[in-house]
Amino acid sequence: MAKWQVALLSSLCTLVAVIMVIFIYTFMQSGVIEVIKEEIMDDYCSSISITEARDLEVCND
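Anyway, here's the lowdown on the structure attached to this text. (Residues numbered from 1 in each chain as written. Predicted model: local features only at pLDDT ≥ 70, side-chain atom pairs only at ≥ 80, totals over all residues. Heavy atoms only, no water.)

On the surface, E34, E38, E39, D42 and D43 cluster together to form a negatively charged patch. In this structure, D42 sits in helix α2 (residues 32-47). (Patch = residues over 30% accessible without salt bridge, like charges linked within 9 Å, V, L, I, M, F, W, Y side chains within 5 Å. Areas by Shrake-Rupley, 256 points an atom, 1.4 Å probe, with all protein chains shown as cover. Salt bridge = Lys/Arg side-chain N within 4 Å of Asp/Glu carboxyl O. Lys, Arg positive; Asp, Glu negative; His and termini not counted. Charge placed at Lys NZ, Arg CZ, Asp CG, Glu CD. Helix = DSSP H or I, 4+ residues; strand = E, 2+ residues; numbered from the N terminus.)

With that settled, the discussion passes to the environment of N60. Residue position: N60 is located in the segment after α3 (50-55). When its relative accessible area of 48% is taken as the criterion, N60 is described as partly exposed. Distance from N60 to M1, taken between C-alpha atoms, is 60 Å for residues 59 residues apart in sequence. Once residues within four sequence positions are removed from consideration, N60 is found in contact with A53 and R54. (Buried < 20%, exposed > 50% of the residue type's maximum accessible area, 1.4 Å probe, protein only. Contact = heavy atoms within 4.5 Å.)

Encoded structure:
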């Protein structure tokens, strides 16, 4: 590979990595993860028996 191709590939990889970090940070800050987490906990706690749910701290909230 020529030097300019290596430099271009390196620059593109760095740019993609930066864009991914920004996207993940924005996704985390939007609160979508908290909503998904609450939905998963609600579904799980409603699918197990009441005695098991009582023993789990996550289902007592």
